[in-house]
Every structure is written in C-alpha cells, then in structure tokens.
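Structural overview for review
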Amino acid sequence: MIQIQTNSAENTIKLGEMLAAHLKPGDVVAFIGDLAAGKTTMIKGICQILGTKRPAESPTYTLVNEYEGVVPVYHIDCYREHHIEGWLEIGIEEYFFGHGITLVEWADQIEELLPENTIIILIDQDFNNENYRKIKIKANKNIETELIKIKEF
C-alpha cells in the first residue's frame, strides 16, 4: 500500500488521471472515505482520461452510472443501497466481471462482494484543512510502483 497526499481538488483529479493511465478492462477500483472526502473528485479524473462522453457525477440516487469512453466505465455508489442482496439483484457481478472498468464509491458497504484483485483507495480528509487529502492506494505492484513516485502534489 502506498500513501499520497493532495492539497487541492485539482490535484485529487490529477491523481485520478494518473491512476486511469494504468487501468484496463476488468479492473475494479473501490473507493472508501467519509462524505465529501473526494471519492467522486478522483473518479472525475479517471473518467477524463478514459474519455467518457459525459463528466462523472455521483450516482447516489441512481446507484449506477454507465459512461461510454475508451472502455465502458461503470460508476457505482453504495451509499444508499448497502444490502448485499440488493446489489446481487441489481446484477453487480456483471459489472465486476464485465469488459469495462468499475469504480465503486462507499465500497466498504459491499466489501464481501468485491473481486480479489480490487484496487483499494482509502481517502482521509483533514477537517482542519478542507483541501488536504491523505490517499492510500492498495493495488498491484505495477500500479503502486508508478504512483509511489508522486508522494505529494
């Protein structure tokens, strides 16, 4: 696991862009953090690099946003629906094992459903500095090796 610090929303987006450069179809990225921690902000950067035709926005009420891009991007939000049975009925496994890249906000709500090789992003905010984020990333060695060079923006 590596740790990177960002000091602005723009830098959190930039980190998402850097991560996106290493994602491939079939990857699942799980985002864990408090409300307003920066999960959707980082996802915006990922979607920009993956060339989605519309900007990322939180799917809190729709549960899943599907974006067309270089590869399909599935943006899932587990904030409102955190019952495993509900996600199984929706067919979440089709997203996890499909041909796109799946980005899951509030992933800790469905941790037991996440595939074994899921990339984990933990975002902690400092309530004394609204722009500061400490972001921990657990991914395969190739991704960690590339991102560890950053450390801080």
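Check the entry above for the structure.
Summarised in this report is the structure supplied together with it.

Analysis parameters
- Residues numbered from 1 in each chain as written.
- Predicted model: local features only at pLDDT ≥ 70, side-chain atom pairs only at ≥ 80, totals over all residues.
- Heavy atoms only, no water.
- Helix = DSSP H or I, 4+ residues; strand = E, 2+ residues; numbered from the N terminus.
- Rg over C-alpha atoms; globule rule 2.2 N^0.38 Å.
- Buried < 20%, exposed > 50% of the residue type's maximum accessible area, 1.4 Å probe, protein only.
- Contact = heavy atoms within 4.5 Å.
- Areas by Shrake-Rupley, 256 points an atom, 1.4 Å probe, with all protein chains shown as cover.
- Salt bridge = Lys/Arg side-chain N within 4 Å of Asp/Glu carboxyl O.
- Pairing = 2+ DSSP bridges.
- Axes fitted to C-alpha atoms, helices over the stretch in contact; angles between N-to-C directions.

1. A few points about the overall build of the protein chain
From N to C terminus, the protein chain includes 5 helices and 7 strands. Across the protein chain, helices and strands are ordered from the amino to the carboxyl terminus as β-α-β-α-β-β-α-α-β-β-β-α. Computed over the C-alpha atoms, the radius of gyration of the protein chain is 14 Å, within 12% of the 15 Å expected from 2.2 N^0.38 for a compact globule of 153 residues. If one aligns the C-alpha atoms of the protein chain with their principal axes, the spans along those axes are about 40 × 30 × 30 Å. A burial count over the protein chain gives 50% of its 153 residues as buried. In the protein chain, of all internal contacts separated by at least 6 residues, the share reaching a separation of at least 24 is 63%. Of the roughly 8,100 Å² of accessible surface on the protein chain, a fraction of 47% belongs to carbon and sulfur atoms.

2. A short note on the environment of Glu144
Assignment of secondary structure puts Glu144 in helix α5 (residues 141–147). Its relative accessible area of 9% is what places Glu144 among the buried residues. Along the primary structure Glu144 and Pro25 are separated by 119 residues, whereas in three dimensions their C-alpha atoms are 18 Å apart. Not counting residues within four places of it along the chain, the set of residues in contact with Glu144 comprises Met1, Ile2, Ile137, Lys138 and Ala139.

3. Examining the pattern of salt bridges
Close approach of charged atoms lets side chains of opposite charge pair. Throughout the structure, instances matching the rule amount to 2 salt bridges. Residue Lys24 pairs with Asp27 through a salt bridge whose shortest N-O separation is 3.1 Å. Of the residues examined, Lys24 reaches a relative accessible area of 46% and is grouped as partly exposed. Residue Lys53 is joined to Glu68 by a salt bridge in which the shortest nitrogen-to-oxygen separation is 3.6 Å. Placement of the pair is Lys53 in the loop between α2 (39–49) and β3 (64–67) and Glu68 in the loop between β3 and β4 (73–77), with a sequence separation of 15 residues. As far as the burial class goes, Lys53 and Glu68 line up, both exposed.

4. As for the sheet that holds strand β7 (residues 129–138)
Strand order in the open sheet formed by 7 strands is β1-β7-β6-β2-β5-β4-β3, and the pairing between neighbours is mixed. This sheet does not close on itself; its edge strands, each paired only once, are β1 (2–6) and β3. The average undirected angle you get between the axes of adjacent strands in this sheet is 20°. Summarising the sheet, strand β2 (residues 28–33) and strand β6 (residues 119–126) pair through 5 bridges and their orientation is parallel. Counted as the bridge partner of Ala30 is Ile120 from β6.

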